[in-house]
Amino acid sequence: QKEVEQNSGPLSVPEGAIASLNCTYSDRGSQSFFWYRQYSGKSPELIMFIYSNGDKEDGRFTAQLNKASQYVSLLIRDSQPSDSATYLCAVNVNNDMRFGAGTRLTVKP
Amino acid sequence: DAGVTQSPTHLIKTRGQQVTLRCSPISGHKSVSWYQQVLGQGPQFIFQYYEKEERGRGNFPDRFSARQFPNYSSELNVNALLLGDSALYLCASSLENSGLRALHFGNGTRLTVT
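Values in this document were obtained by computation on a predicted structure and should not be read as measured data.

1. Describing the overall build of chain B
Phase 1 of the analysis: Each helix and strand in chain B was counted, giving zero helices and eleven strands.
Phase 2 of the analysis: The linear arrangement of helices and strands in chain B, starting from the amino end, is β-β-β-β-β-β-β-β-β-β-β.
Phase 3 of the analysis: In terms of C-alpha radius of gyration, chain B reaches 13 Å, essentially the compact-globule figure of 13 Å for 114 residues.
Phase 4 of the analysis: The buried share among the 114 residues of chain B stands at 51%.
Phase 5 of the analysis: Carbon and sulfur atoms make up 48% of the accessible area of chain B, which totals about 5,400 Å².
Phase 6 of the analysis: Taking the 11 positively charged and 8 negatively charged side chains of chain B as two groups, their mean positions are separated by 7 Å.

The structure is reproduced here in structure tokens:
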């Protein structure tokens, strides 16, 4: 079982819709969870992090964490074409950051 | 403030050669991590250094080595290059060493092994 698993996509949503990205992790001891956005040919950039169960909102982005289910998600409201990118879920495992393979999101105008 | 800087941006090497990649962290950041990203995959953890000491190592062969200098900059060395080492090598810095730290990535070094 991979440490961090994501659906590779591609996920396609129309402009203005909600995009939902999901991630599961295997290490129950993981305490911190991150979402990074990576545009094609660029390096990952941090969008959000979450440490506690529940929801955390930042503008159009909401991260959701359920430690019992070992599940973390990212919701993007009012999706824009500029949100088209690969979204990487990262989990801190024994003080090392482990990444999923990423979900490719396309927002169609 | 300057972000994480990496050099060179692109590199072409031949199988069997050795390569050194360089990274300067964000000012004030004491932790540097190295990642390898193959096309279509997420970054794979190689090393983490904090205060000049190795604090973590991923599942990479001994051909990969790294070090951190007193000014917190870092080098990643890869010996006896294989075709499979062709990838984007990312350096990331963070303020601290805790599990809560967020990584700030440089633009990467694109290594091609022929």
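Right, picking up where we left off after that structure.
2. Thoughts on the environment of A:Asn53
Residue and element names in this part refer to chain A.
Phase 1 of the analysis: By the element assignment, Asn 53 lies in the loop between β5 (45-50) and β6 (54-58).
Phase 2 of the analysis: Distance from Asn 53 to Pro 14, taken between C-alpha atoms, is 29 Å for residues 39 residues apart in sequence.
Phase 3 of the analysis: Non-local contacts of Asn 53, meaning those with residues more than four positions away in its chain, are made with Leu 65, Asn 66 and Lys 67.
Phase 4 of the analysis: In terms of polar contacts, Asn 53 uses its side chain to reach the backbone amide nitrogen of Lys 67, at 2.7 Å.

3. Some remarks on unusual backbone geometry
Residues and elements named next belong to chain B.
Phase 1 of the analysis: Here the bond from Ser 7 into Pro 8 is cis, since omega is -10°, no more than 30 degrees from zero.
Phase 2 of the analysis: Structurally, Pro 8 is set in the loop between β1 (5-7) and β2 (10-13).
Phase 3 of the analysis: Phi is positive for Lys 52, which is not a glycine, with a value near 75°.
Phase 4 of the analysis: Take Lys 52: it is sitting in the loop between β5 (44-50) and β6 (53-57).
Phase 5 of the analysis: Even without being glycine, Ala 80 reaches a positive phi, approximately 45°.
Phase 6 of the analysis: Classification of Ala 80 by relative accessible area gives partly exposed; the value is 38%.

4. Description of the interface of chain B and chain A
Phase 1 of the analysis: Residue-level contacts link 20 residues of chain B with 17 residues of chain A.
Phase 2 of the analysis: For the pair chain B and chain A, the two sides together bury roughly 1,500 Å², of which 51% comes from carbon and sulfur.
Phase 3 of the analysis: Between the two partners, chain B and chain A, sit zero salt bridges.
Phase 4 of the analysis: Where chain B touches chain A, the interface holds four residue pairs in polar contact (both at pLDDT 80 or more).
Phase 5 of the analysis: Secondary-structure elements contributing two or more residues to the side of chain B that touches chain A are β4 (31-37) and β5 of chain B.
Phase 6 of the analysis: Looking at the side of chain B that touches chain A residue by residue, the classes come out as eight nonpolar, eleven polar and one charged.

5. Re the pattern of salt bridges
All names here are of chain B.
Phase 1 of the analysis: By the definition in use, this model includes eleven salt bridges over all chains.
Phase 2 of the analysis: Two residues, Glu 75 and Arg 22, come together in a salt bridge whose shortest N-O distance is 3.4 Å. Residue Glu 75 is found in strand β8 (residues 74-78), and its partner Arg 22 is found in strand β3 (residues 19-24); the two are separated by 53 residues along the sequence.
Phase 3 of the analysis: By relative accessible area, Glu 75 is classed as buried at 12%.
Phase 4 of the analysis: According to the relative accessible area criterion, Arg 22 is partly exposed, its value standing at 42%.
Phase 5 of the analysis: Two residues, Arg 67 and Glu 75, come together in a salt bridge whose shortest N-O distance is 3.3 Å.
Phase 6 of the analysis: If you follow the salt bridges from partner to partner, you end up with Arg 22, Arg 67 and Glu 75 in one network.

Cut-offs and rules
- Residues numbered from 1 in each chain as written.
- Chains lettered and ligands numbered in written order.
- Predicted model: local features only at pLDDT ≥ 70, side-chain atom pairs only at ≥ 80, totals over all residues.
- Heavy atoms only, no water.
- Helix = DSSP H or I, 4+ residues; strand = E, 2+ residues; numbered from the N terminus.
- Rg over C-alpha atoms; globule rule 2.2 N^0.38 Å.
- Buried < 20%, exposed > 50% of the residue type's maximum accessible area, 1.4 Å probe, protein only.
- Areas by Shrake-Rupley, 256 points an atom, 1.4 Å probe, with all protein chains shown as cover.
- Lys, Arg positive; Asp, Glu negative; His and termini not counted.
- Charge placed at Lys NZ, Arg CZ, Asp CG, Glu CD.
- Contact = heavy atoms within 4.5 Å.
- Polar contact = N/O pair within 3.5 Å; in protein donor to acceptor, adjacent residues only side chain to side chain.
- Buried area = accessible area lost by both parts, 1.4 Å probe.
- Salt bridge = Lys/Arg side-chain N within 4 Å of Asp/Glu carboxyl O.
- Nonpolar A, V, L, I, M, F, W, Y, C, P; charged D, E, K, R; others polar.

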